[in-house]
Each structure stands twice: as C-alpha cells, then as structure tokens.
Amino acid sequence: MRVILLIIGLIAIFYYASETLREKFLINADPWAKPVPAKRPLRLGDINFLHTTDTHGWLSGHLNQKTYNGDWGDFVSFAKHMRQLAQAQNRDLLLVDTGDRHDGNGLSDITSPNGARSLPIFVKLEYDIVTLGNHELYLWENSAQEIDVVVPHYGENYVCSNVEYQLPNGTFVPLAQRVRYFTTPQQKLRVLAFAFLFDFTRANKKTRVTPILEAVSQPWFKEALAAYPALEVDVIVVAGHVPVTKRWTELQLLHATLRAAYPHTIIQYFGGHSHVRDFQVFDELLTALQSGRFCETLGFLSINLSSSITDIKDRFSRSYIDFSVDLFMFHAQKSSPQEFHTSSGTEVKAMLASAREDLGLDKVLGHVTTSNYYMDYVPLSHPKNIFHFLTHSVLPTLERNATSGPHNDQRLIIINTGSVRYDLYKGPYTVDSHYIVSPFQNDWVKVSLPKELALKIAPKLNEKEYILAGQQKGSSNDYGYLKPPHQRYMEFDTSRQARDQVPVSYPDLDGDADVKAQVSKGYVTWDDFGHSGDDTPHRAVINYPLPNVVQSTELQPGLDGTVDVVFYSFLISNIAAAVEELGGEFPPVEFYSDTYLGLLLDQYVAGHKV
Ligand SMILES: *[C@@H]1O[C@H](CO)[C@@H](O)[C@H](O)[C@H]1NC(C)=O
Ligand SMILES: *[C@@H]1O[C@H](CO)[C@@H](O)[C@H](O)[C@H]1NC(C)=O
Ligand SMILES: [Zn+2]
Ligand SMILES: [Zn+2]
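Quick look at the structure, then. (Residues numbered from 1 in each chain as written. Chains lettered and ligands numbered in written order. Predicted model: local features only at pLDDT ≥ 70, side-chain atom pairs only at ≥ 80, totals over all residues. Heavy atoms only, no water.)

### Regarding the coordination of the zinc ion (ligand 4)
Moving on, step 1. Within the first shell, the zinc ion (ligand 4) binds the protein through Asp100 (OD), Asn134 (OD1), His241 (NE2) and His273 (ND1), at distances of 2.1 to 2.2 Å.
Moving on, step 2. Between the four donor atoms coordinating the zinc ion (ligand 4), the angles at the centre fall across 88 to 156°, so the site counts as irregular.
Moving on, step 3. Of note, the zinc ion (ligand 4) draws all its donor residues from one chain, in the sequence arrangement D-x33-N-x106-H-x31-H.
Moving on, step 4. Here the zinc ion (ligand 4) and the zinc ion (ligand 3) are spaced 3.5 Å apart, linked through aspartate 100, which binds each one. Of this pair, asparagine 134 sits in the loop between strand 3 (129-130) and helix 5 (140-154) while histidine 273 is found in the loop between strand 10 (266-271) and strand 11 (277-283), placing the two residues 139 residues apart along the sequence. (Donors = N, O, S within 2.8 Å, 3.2 Å for Na, K, Ca; no water. Tetrahedral: all angles 85-135°; square planar, octahedral: opposite > 155°, others 65-115°. Helix = DSSP H or I, 4+ residues; strand = E, 2+ residues; numbered from the N terminus.)

### Points about the site of ligand 1
Moving on, step 1. Taken together, Asp46, Arg91, Asn304, Ser306, Ser308 and Ile309 make up the full set of residues adjacent to ligand 1.
Moving on, step 2. Between an oxygen atom of ligand 1 and a side-chain N or O atom of asparagine 304, the distance comes to 2.3 Å.
Moving on, step 3. Out of a free accessible area of 360 Å², ligand 1 has 47% covered by protein chains.
Moving on, step 4. Here the shell around ligand 1 is composed, by residue class, of one nonpolar, three polar and two charged. (Near = heavy atom within 4 Å. Polar contact = N/O pair within 3.5 Å; in protein donor to acceptor, adjacent residues only side chain to side chain. Areas by Shrake-Rupley, 256 points an atom, 1.4 Å probe, with all protein chains shown as cover. Nonpolar A, V, L, I, M, F, W, Y, C, P; charged D, E, K, R; others polar.)

### Considerations on the coordination of the zinc ion (ligand 3)
Moving on, step 1. The zinc ion (ligand 3) binds to the protein through Asp54 (OD), His56 (NE2), Asp100 (OD) and His275 (NE2); the donor distances cover 2.0 to 2.2 Å.
Moving on, step 2. What the four donor atoms of the zinc ion (ligand 3) show is an angle range of 85 to 172° at the metal, which sorts the shape as irregular.

### Considering the site of ligand 2
Moving on, step 1. For ligand 2, the full set of nearby residues is Leu167, Asn169 and Thr171.
Moving on, step 2. Separating an oxygen atom of ligand 2 from a side-chain N or O atom of asparagine 169 is a distance of 2.3 Å.
Moving on, step 3. At a separation of 2.8 Å, a nitrogen atom of ligand 2 approaches a polar side-chain atom of threonine 171.
Moving on, step 4. Burial of ligand 2 by the protein amounts to 27% of the accessible area it has alone, namely 360 Å².

### Digging into the packing of aromatic side chains
Moving on, step 1. A full pass over the atoms with the stated rule returns 31 aromatic pairs.
Moving on, step 2. Judged by centre distance (5.6 Å) and plane angle (75°), the rings of phenylalanine 294 and tyrosine 422 are edge-to-face. Of this pair, phenylalanine 294 sits in the loop between strand 12 (286-291) and strand 13 (297-303) while tyrosine 422 sits in the loop between strand 16 (411-416) and strand 17 (427-430); the two residues are 128 residues apart in sequence, bridging distant segments of the chain. Exposure class is identical for phenylalanine 294 and tyrosine 422. Each is buried.
Moving on, step 3. For the pair tyrosine 374 and tyrosine 425, a centre-to-centre distance of 5.9 Å together with 75° between the ring planes defines the contact as edge-to-face. Here tyrosine 374 is found in the loop between strand 15 (364-368) and helix 13 (386-394), whereas its partner tyrosine 425 is found in the loop between strand 16 and strand 17, with 51 residues between them in sequence.
Moving on, step 4. For tyrosine 374, a relative accessible area of 17% corresponds to the buried category.
Moving on, step 5. Its relative accessible area of 12% is what places tyrosine 425 among the buried residues.
Moving on, step 6. Taken together, the aromatic side chains of Trp72, Phe75, Phe78, Phe122, Tyr127, Tyr154, Phe323 and Phe328 make up a single cluster linked through ring pairs.
Moving on, step 7. One cation-aromatic arrangement involves arginine 180 over phenylalanine 182; the distance from NZ or CZ to the ring centre is 3.8 Å. (Phe/Tyr/Trp six-rings, centres within 6.5 Å; stacked < 30°, edge-to-face > 60°. Buried < 20%, exposed > 50% of the residue type's maximum accessible area, 1.4 Å probe, protein only. Lys NZ or Arg CZ within 6 Å of the ring centre and 35° of its normal.)

Shown next, in the form of structure tokens:
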C-alpha cells in the first residue's frame, strides 16, 4: 500500500515538475513572447458612432510609428466589420467626419491641387455625416474639390450648415445641404443632423462662413427647428469643425439654442480643429466628442436610448481607438489578418500603394537613426526636442543666397513653432517626411538691427499678450496661428495642462500587474468621464507648452554691433510690429535665401548622422 502511495506520489511530483519544466521551456523557447497589454473593449449602445477629424492627408497611416500603423484601407475593413457587429445585434453604427482633409502629409500635399490623389481615397469610406474644416477653405481650389468631388460623392450625407460659395454670377449658395434628417437602418431612429464650422475669418473670397451666432438666427435654422419638432426627432447630431472645450463660446451658444428648442432630446456633438482627444458633458443628455488628429485616433461613441437610465455614464460611452491594425482587429473581433481584411479595404490599400509609387513619396533622402525628435513631448531645451535640433544643428547651416548684399558676422534666425507640423521619428527620411515635418515654401528675408534690440524680438513675440491677443475666439489677428494647432488652445484650457502632469494609474485594469510595465508612450486622455477613454493604456506623454517663436543664435560675446535677423517673409509684419513696440525702427527688408526650412532639413539629414 505504502509503495503504491509512494509511486502515485512520485508520479504526481514528476507530472508537476514536467508541467513546470514545460512551461519554462515554452517561455524560454520564445524569448520574444510578452504578455499582451490589456485593451479596453468598446461598449456598444443602441446607436453607435465612429468619428474621424483632422485627418490632414494621413491616410497611409504613420509609417515610422507602430502605434498608429493603421491605414485608410484598414479603417475601411474595420468600419465594415463594426457595421456588421452592430447590425447583428439590431443596432446602428454611423460614421462621421468633421473635416480638415488637406495640409499635413505628402499624400495630400505633393499634388497640385493638393488633395488630388488623397480625396478619391478618402471618399472610399462610407460616411453617414461628413462636413468640412477650415483647411477646405484657405484656397479656392480646395473648396472647388469639395463642391466638385466630395459633395457629389456623398450626396445627402454631406452636411454643411454655415458655409456658402459664390456662383459665377455672383450669388452665394450653400455649399451643401444645411440640415440632414434621416432614419437609421436598424432601429429606425430619426436623426436630425447639423454641421458647423467655427467662426473662420480667413476663407478664400469665393466662400463665406456665417458665424454660429448669426446662423442660429437665420431663417433656414428656424425653419429647420419648425420642420423637425422634438416629437419627430430621436437624436440630434452636430458635426462641427469646432473644439468641444466648454470654453469655446460658440458651442455654448449653440448648446443653449438647441436645448431651448429640444429640452428633452438626446444631442451628440462631434468636434475638431484643435487636434486633441476630448470628451465633454454639457448636460445629462448632451455630450461632445473630439477625436484627435492625423489618423492617430479613431473616436467611438455609443448612446443607450433607454428612458430608465439615471447615470449619464450608463447612457454615453466613448473610446479613443489608437489607429492601428491590432486595435482594429481586437475591436472587430477578428483573430487573423485574413479574416480582417475585406475586399474593399484591400482595394483601398492598393490605391494607397499606387498613389505613393506614382508620387515618389517613399523616395529615401536620408535616415534618422540616433533619436526621435519631438515637438513638445520633451521641453524645448531637451536634445530630443525638434526645435532644439533645428535651432542648434539645422538652421546654422542656412547659407545666404549669393546674390544678396552685404552681411554681418552675427546672425539670429527666427522661426515660428507652427513652421513644424509633426515630430521626426527614427527611420527612413523620405519625400513624405519632408511634407510631414516642414513643407512650407517660404523665402527667408533679413534685416540688420542693433544687437541689443535684435535680441529682444523673440521674447517680445513670445509675450503672453501676443499669444492671448486673439484667443477669445479664433480671430484672424490671433498670434496663436504662429504655433502648431494642438498648442494653440493650451492656455485656453489650463485645467488640461494641470491634469497632464498627474501620473496615471489604471484602476480599471488592476489585477494585470504587467500592464504598467508593458505600456508604451501615448495619449492618456483626461476628459469629463475620467481617463478610461483611451482603448490602449499608455504611459502619458506631456505636451510642454511651446512659444510662438524660437531662434538660432550665432553670436559673439557682448551687446554691441549689428546682427542679421533672418526670418520667413510671412513674419515681416510680426517682426516689424515687435521692433516698433520695442522702440526701434524697422529697416528695409532684404531677400536672403529660398532654401526654406524643409529643404534645409532634407539637406541636413542627407549629409549628417541624425
Ligand atoms: C441600456 O440600458 C438599459 C437600462 O440600464 C439596459 O437594460 C439595456 O441592456 C441597455 N442597452 C444596451 C444596448 O446596452
Ligand atoms: C445666379 O445663378 C443662380 C443659379 O443658376 C440663380 O438661381 C440666381 O438667380 C442667379 N443670380 C443672379 C443675380 O443672376
Ligand atoms: Zn486640423
Ligand atoms: Zn481646423
């Protein structure tokens, strides 16, 4: 008996040991195996939305950043699966885009007119509500593309409540229908949709933006409210190229107006323009979602329409999906790429590939190997800051055009921080990178000034009042336009900055001790529901505030003498104003060089270890 027990015992020990060994062996057999970081699933409601905004041509995804490696073809596949998932449960899924499709990436910007190759790819996504942003209105040729290509393509799904354009005979007409009223396919919900652009004052002459303040007292708006009374509307959707922060007064005004007319109707805003992830609760039945920028983020929002809900968090749910194939597959519940890619998605991927080939976007000009260079994830003085890199390494290589006149030995070169559009990541530096980082084809000009005065210009331009001048509401004398968009409204939203400094824990993901160790750097979004909105937990990146301008200095000791102050020609009025405010006299401006920042960077990366 004892012998038998002993034998059983030995067998058990042997089994246990071999299991442990096997586990050990398996783990060791695959040294790269890592626990998969936790993800937060989407919560489907009765009506669901996928939202994009401020894509700015990034339809190929981020080729040097794995976190955002999804492209427009992957999104097309994902949207299809999500519609099917929703339909299978008799729920609705609507797709919304809130504009800014130009200016940000080689795919959109290398062609003439810009958008010629990217827009036909963009429209492969079957949006239910699509509208425009200010970047569709700077140049008439871009507005014309909306009118000739995008509006006809989407038909009644294109909504634009407060922008008009001019017919050849001089009459202004709405760019698209101002209001859309429709019934969803599954639940037969009656949706009333508007689409507003913020009070944008620099539109091309053939287009006209009516500020929301005026629009809501125009006859068409009153007629729309009368035509679709509360009893005939289940949900109101406002697609706005307007930041959703509560401090944006235009949105508050719209909110007050709509709520007065529809006291008990569920209303959902989708916003854009300031390039951030955000979600705001306006009242118990109204929330606003903003879904970032540049195909980094796909916004998800769901609403439970049940009348028995008392907690707003049970009614609305929001997620910021990292724009990546992994996350798309996870949410679509597809375990293999074969299952995930649809034929229409694959077709869009092929369109992207041939456009890139035809446009030469992947032509390699150099390599970035030593570091990523960030616009604002590190302070300005940090060697990994792109402005530090530009002012210390790149700008000093600027050569004076041979034809220009006499010059001084000392030099300052001033650039506005908005002259850089995006971080520079490790990897091949291509024609596309040039467009992504700094494509602006400006001439450099120069003035000679007493050194003491010259040194005060940049600090003057960076004074608080210059930054705040126009921030009451994006007006055209807004010096904030010297900065990149996501930085423009930071002072506007001081609570946001304070929150960014707080280290984040993941109470909803506790129990997975590996989470904290595994997470990559990325967005940690604090919004009105807390910080559980990012579908992938990240280690927070901090957006350090950027000044309006930075400068490179090639100076000798002492304050005497004259220096060449070099800057982009479009800054002439800013520099002149600063010099005059400093009590100086602004001398005549001379042409200096046409090697604009992007070209200079191309040459630098090609010739140096970067
Ligand atoms: C909506 O909320 C109600 C009440 O809490 C719940 O019974 C229902 O399952 C929810 N519907 C969906 C689609 O989640
Ligand atoms: C301009 O053309 C439009 C469309 O053909 C027409 O409706 C409108 O009356 C015309 N306006 C003038 C001032 O002729
Ligand atoms: Zn934008
Ligand atoms: Zn915008």
